[in-house]
Structures are given as structure tokens and as C-alpha cells.
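Observations on the three-dimensional arrangement
Each chain, written out:
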Amino acid sequence: MACLLEAPLRISVLSEVTATSRHYVDRLFDPEPQKVLQGVIDMKNAVIGNNKQKANLIVLGAVPRLLYLLQQSSSSLELRTECAVVLGSLAMGTENNIKSLVDCHIIPALLQGLLCPELIFIEVCLRCLRTVFISPVTPVQLLYTDPTVIPHLMSLLSRSQRTQEYITQIFSHCCKTPEHQTVLFNHGAIQNIAPLLISPSYKVRMQALKCFSVLAYENTQVSMTLVNVLVDGELLSQVFVRMMQRDQPIEMQLTAAKCLTYMCRAGAIRTDDSCVVLKTLPCLVRMCSKEHLLEERVEGAETLAYLMEPDVELQRIASTTDHLVAMLADYFKYPSSVSAITDIKRLDHDLKHAHELRQAAFKLYASLGSNDEDIRKKITETENMMDRIVSGLSESSIKVRLAAVRCLHSLSRSVQQLRTSFHDHAVWKPLMKLLQNAPDEVLVMASSTLCNLLLEFSPSKEPILESGVIELLCSLTQSDSPALRVNGIWALMNMAFQADQKVKVEIVRSLGTEQLFRLLSDPDSNVLMKTLGLLRNLLSTRPHIDQIMSSHGKQIMQAVTLILEAEHSIEVKEQTLCILANIADGNTAKELIMTNDDMLQKIKYYMGHSNVKLQLAATFCISNLIWNEEDVQAVVNSDCSHKGSQERQDKLREMGFVDILHKLTQASDPNLCDRAKTAMQQYLA
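- An unreviewed UniProt entry lists the protein chain under the name Armadillo repeat-containing protein 8, with Perca fluviatilis given as the organism.

The following block contains the structure:
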């Protein structure tokens, strides 16, 4: 019988709830204003802490009516205030509630309400706006649609501590882009918010501090302005230093450290300034200790990684502060079975977010080890570190995978680690797996790491080659992302260095001449440089030079001509002339230059260029062309060797190259002088 009664019971309860909710909405339409006001007050009491009631009222159409009453000039101040309070309460429900409120145009209505002179109404409108804007589903751009809104909010900052708290919180949540930073900066955010840092209200001080952290992030203009700001006669940077003291709340210490970190990274504070070395860095290291909450440890580690990323001295200081390298190892063991967490909700939260700790640890290790060999060694010798990185490469969280590969890339800059830890743990295998199917940001970092694993002294190079990596790298060169094209061609360049002919032929076959020459006209100069580097490595050792030039000589010479004639950097032209010098070193390939008078004139032009690098590379070409010791294999049973070199020397003499070489023997640059003298000796041999 119980089963038969259950369904009707549920229906009756649901209809009762809906009927009650309907009653609240119906009262909003009563013709008597006093009854409407009482209806709104009763609705306010009914929705507090009741998400189901909130959802019911939204579905039944309460929001448009509340907004209508809020905007009516005939509504009493008390009614409009209560309407704003109810709307604020509805906004504290689920994300779907927020979406419904935004769809009903709550933001323009509340912003309009800020024009009211009554402070109590302004405060409840701001509180509701704050609740709506801090939700991740609210489009922050809605704050910037009307250009009069930001200056009006700035003018309301002085009205009360509540307006200060809500407005600064709105700003800190809605400042997401450089354009937003500029708008706030141009409307006086710094001078209006700076005095709030010494407000008697902790909430106001904290929100003002958060405002400065988002304003200063990667913004040189804001940071350079902040460094000169005085607050009650004290420099702003010193106010931030005081806020980092151990007796301040952790949230305040962390946010103040972020402000100084961002100012430092933007170039407004030197990396060797005492407020960075003696205050900010130790504060952030302190945040990484296990006594802090998970989110504090994550934020501390990520901010510290960002602070010292470009500065080797800060990396060295951090690595020896409070045993940081060993401390980070705890990030991978949390929460453990013996964690001192008695709060079940906290334990559940930490279990769900433990991956964020691993991500932060990988980021910080990557930053720590980006330059110094001793620090890298210390990291790899930390318990099970390489195993943890390998595990991180296959984690379900994309952010952890990215941080793990970033850490691996940082460590892969070490010759010693490539020869030891990387080889012992066969890290190339999970790296190759990661490259098969990953988002671009992971692909960029993974392919950068692969470039290092393909260097000639890396023991991983051979097994990677045998795994069929060439096709994968060739596909990267066709990516829309310049960074992926660079990495694909860079890895091929490293692979081709001192490779045997079989590998070089496979690279040319897989890449295809069309793609190779497309890369030689790539608009990205880094892609062009690495493609030239690949070509230079392919055209090394005489048999390889002759073999490749016999198949693709015409196209290669055409590409070289186009690059030398176009507007390119000195580095690009130098690399191109070095390729020519390699071609000139071939036994048969050199004839492609000798029979091309236009190319010889170009070499002649660059021998007289104002840039020594180009002169040196062009002189190297001529030196190879006039060399009279032909490859033995090419001249077996033949007496044409000396004749060939003599003919080349005669032609080059007629074109005036000997005179230029003679002048270059007097060059002020010792390398150029020596190269010219060596070439001249060939004529005398």
C-alpha cells in the first residue's frame, strides 16, 4: 500500500509548493501599494536560504514584476529597496538563477537605480549588482556597455563603506582584459581606490587590494603609476609590504604579494629590490607550506612561479629558501590518509581539488629549473620526481598535463638530465603519446620538449626516430599556429643534424618539396629561420649535398635567390649564405652556383656588405668554390680534378673576386681576415 500512496503524496506536496509560490507572485499585482510591499517582504523571508523557492518564483515570473516595481517612480523608496533586496537574494541561488536574472535585464535596471539620491537604495542595488557580477556566468562586458557607468561608480565610492566594498568588488571581478584595465585606469581608479587601503573596514581594504592586483597584472602603465602613489604619506609598495606581515590575514598577505609580483614583472620594481627579495618572495614561499589551506598553497606556488620565471637570481634564492624544492614534494601526497583534516566537507573539497596542487607544483618546478643546472639536479633528485612528471603527462586534467610537460621542458634544457634522468625513465614514450592527440597549448610545449630530446647528444634521439616521429613533425609544420610550425621544423632541424642519408631522405620525402618551399616563404621569421636551419643540416657532407641538389637543386637555388633579394633580417640572409656555402662544398652541386652568374653577383655583393656576418658567410662560399682538392670518390680514374678547380678559379678571377679577397685580407675583423687569407692561398696552391 505504501508504494501506491507515494506518488499522489509527491504530487500534492509539489502542487502545494507551487501554489504557495504562485500566491507570493500574485500579491505583487495587488492594487493596494501597502499589500504589495507586505507581499515583497513576505517573499524576502520565504526565499532566504531556500533555493527551491527561489527557482519556483523565477519560473512563475516574479523577476519582471519585481524589476517593474523597482523602476517605477510611483513606488515608495521602501518598496523599491525591498524589491532590490529580494532580487539580491534570488541572485544568491544557482547559476541558472543568475542567467534568468541577466536575461530579464536586471543589470541595466540596477545601474539605473544608482542614480537615485537615497543611499540605502544605492547600497542594496550595489549589493545585488555585486552578487550578479561575481558569478562566472555573467558577461562582465555588461558593466562597460554604457560609458557613463564607470565614472558614476567612481563618484559613489565616497558615499559609504558599503559602496566602497561593493564597487571595488565589482571592479576586481569585471577587470578581465587590458581594455578593461585601461577604462578603469583612465577613469581614475588608482587615485580613487588607493585611500581605501587604509580604511578602518577590513572588507574595504581587502577588496581595494584585490582591485590593484587585477589592475597591475601584466600592465606596465598601471604598475609604473602605482609605484609612485602615496597613501597617507607612505609609498604604495610599502603599504603592500605591511599587508604581507605575518600578523595579517592570509588572504591579505597573498593578495599584497600578488600586487608586488605583478608590479615587479611589469618592470616597475627591480627584481633585486628588497621588497621583492626580502618580503614578497619569502611570503610566497611561506604560503607553500603544508600548514596552509589547499587554495592558499596553490595560489602561493603559482604566484611565486610567475614572480621568478624570468630571473635566475630569484630562482636561486627561492630554491634555498625554507627547503622549497622538498616542500613542493608534499603537493603530490595531499590529502594523505593521515591528513589532519577533521572537517569532512573540507576533506571532500580537497580530494576534488588535489589535482590543482599537482598542477601548481609542476608550474613552480618548471620556473625554478628554467635556468640553473644545480636547481634542475636538485629537482630531479627529489623523491620520485621523474615518475611524478611521467604520471602527470597522462592525468585526466588538461591543466595538470600542461603543467607537467612545462616542467619536463624546463628540465630538458639540461644536457646532463637528457643523458641521465630522461634516458633512465624513457620520458620520450609518454611525450610521444601526448603529442598524438592534445590541444594546441599542450602540443606547443610538448613539441618544444621534443626538440630538446632530438639534440645529437640526447640518448632518446634514436628510439624517437625509430618510433616514426617524422610524419608527426611534418604534420606540425602545416599547423595554423606559428608556434607549432616553428617547433615542428625545429625538431626536424635537430633530427637532421649529423644524421645519416637515410634519415635525411625520409625527412625530405615526408615533408615534400612543396611544403619545404612553402615554409621558406612563411610570414613568421622564426619559421623561416628554422627551415633554413633544416636545409643547412640536410645539405651537410658532400654525398648528401650532391644527392639532394641533384633531385631538388633547381627549387633550392630559386628559393635562395628569392630570400637574398627580399627584405629579410641579417640573420636570415646569413643563414641563407651559409646554405650556399654548403652547396659550394658539394662535388657536383657547386656547379649549380658556378653556372649561375646572377648568384655569383649576389655573393660578390654580400662580400662587400657593411655587415661582417654577411661578408664572412659570402667569403666562405667563394672559399669552397675555389677549393682545389676535389672529393676522391668523385674523381676516381680521372684527371679532371685540378682542371675543374682551375676553371672555377679563372672564372672567379675574371669576375673580380680575387681583388675583393685581397681587400678583405686587410679587414679589421680577424675572422673575416683569416677566411680571406685562406681563400687567397688556394689561388697560390
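Having seen the model, we can carry on.
**Examining the UniProt feature "repeat: ARM" (unreviewed entry) in the protein chain**
- Mapped onto the present numbering, the UniProt feature "repeat: ARM" (unreviewed entry) falls at residues 61-97 and 511-553.
- Annotated as 79% helix and 0% strand, the span residues 511-553 places its first and last C-alpha atoms 16 Å apart.

**Quick look at the packing of aromatic side chains**
- For the structure shown, the criterion picks out six aromatic pairs.
- Between the aromatic rings of Tyr217 and Tyr306, the centroid separation amounts to 5.7 Å while the plane-to-plane angle is 40 degrees, which identifies the pairing as tilted. Taken together, the residues span a long stretch of sequence, with Tyr217 in the loop between α13 (202-216) and α14 (220-226) and Tyr306 in helix α18 (residues 294-308) at a distance of 89 residues.
- Among the aromatic residues, ring-to-ring pairing joins Tyr217, Tyr262 and Tyr306 into one connected group.

**Some remarks on the environment of Ile150**
- Mapped onto the elements of the fold, Ile150 is located in helix α9 (residues 149-156).
- Spatially, the C-alpha atoms of Ile150 and Ile167 are 9.8 Å apart, while their sequence positions differ by 17 residues.
- Setting aside residues up to four positions removed in sequence, Ile150 forms contacts with Leu143, Tyr144, Phe171, Val183, Leu184 and His187.

**Quick word on the layout of surface pockets**
- Estimated volume of the largest pocket: approximately 1400 Å³.
- What lines the largest pocket is a set of 37 residues, among which Tyr217, Lys258, Tyr262, Glu302 and Thr303 lie closest to the centre.
- Elements that contribute at least two residues to the lining of the largest pocket include exactly α10 (161-174), α11 (178-186), α13, α16 (250-265), α18, α21 (344-368) and α24 (398-411).
- By residue number, the principal contributor to the lining of the largest pocket is α18, which donates eight residues.

**Structural notes on the pattern of salt bridges**
- This model, assessed by the stated rule, comprises 28 salt bridges.
- Between Asp272 and Arg270 there is a salt bridge whose closest N-O contact spans 2.7 Å.
- Judged by its relative accessible area of 48%, Asp272 is partly exposed.
- Taking the relative accessible area as the measure of exposure, Arg270 reaches 59% and is therefore exposed.
- The partner of Asp585 in a salt bridge is Arg542, with the nearest N and O atoms 3.2 Å apart. One end of the pair, Asp585, is in the loop between α36 (570-584) and α37 (591-594); the other, Arg542, is in helix α35 (residues 542-565), and 43 residues separate them in sequence.

**Examining empty space enclosed by the protein**
- Tallying each qualifying case throughout the model produces two cavities of 30 Å³ or more.
- For the second largest cavity, the calculated volume is near 30 Å³.
- If you go around the second largest cavity, the residues you meet are Val508, Thr513, Leu516, Leu535, Leu538, Ile548, His552 and Ile556.
- Of all the elements in the fold, those that place two or more residues in the lining of the second largest cavity are α33 (513-519), α34 (525-538) and α35.
- In terms of residues, the lining of the second largest cavity owes the most to one element, α35, which gives three residues.

**Topic: helix α39 (residues 612-626)**
- Taking 1.5 Å as the rise per residue, α39 with 15 residues should run 21 Å; its terminal C-alpha atoms sit 21 Å apart, in good agreement.
- In terms of burial, α39 is largely enclosed, as eleven of its 15 residues are buried.
- All buried positions along α39 are accounted for by Leu614, Gln615, Ala617, Ala618, Thr619, Cys621, Ile622, Ser623, Asn624, Leu625 and Ile626.
- At the N-terminal boundary of α39, the capping side chain belongs to Asn611, with an oxygen 2.9 Å from the backbone nitrogen of Lys613.

What counts and what doesn't
Residues numbered from 1 in each chain as written. Predicted model: local features only at pLDDT ≥ 70, side-chain atom pairs only at ≥ 80, totals over all residues. Heavy atoms only, no water. UniProt positions renumbered as here; feature names shortened; annotations may be inferred. Helix = DSSP H or I, 4+ residues; strand = E, 2+ residues; numbered from the N terminus. Phe/Tyr/Trp six-rings, centres within 6.5 Å; stacked < 30°, edge-to-face > 60°. Contact = heavy atoms within 4.5 Å. 1 Å grid on protein atoms, 1.4 Å probe; cavity = no way out; pocket = protein on both sides within 12 Å on 5 of 7 lines; lining within 4 Å. Points joined across faces, edges and corners; volume = space filled by probe spheres on them. Salt bridge = Lys/Arg side-chain N within 4 Å of Asp/Glu carboxyl O. Buried < 20%, exposed > 50% of the residue type's maximum accessible area, 1.4 Å probe, protein only. Expected span 1.5 Å × (residues − 1). Polar contact = N/O pair within 3.5 Å; in protein donor to acceptor, adjacent residues only side chain to side chain.

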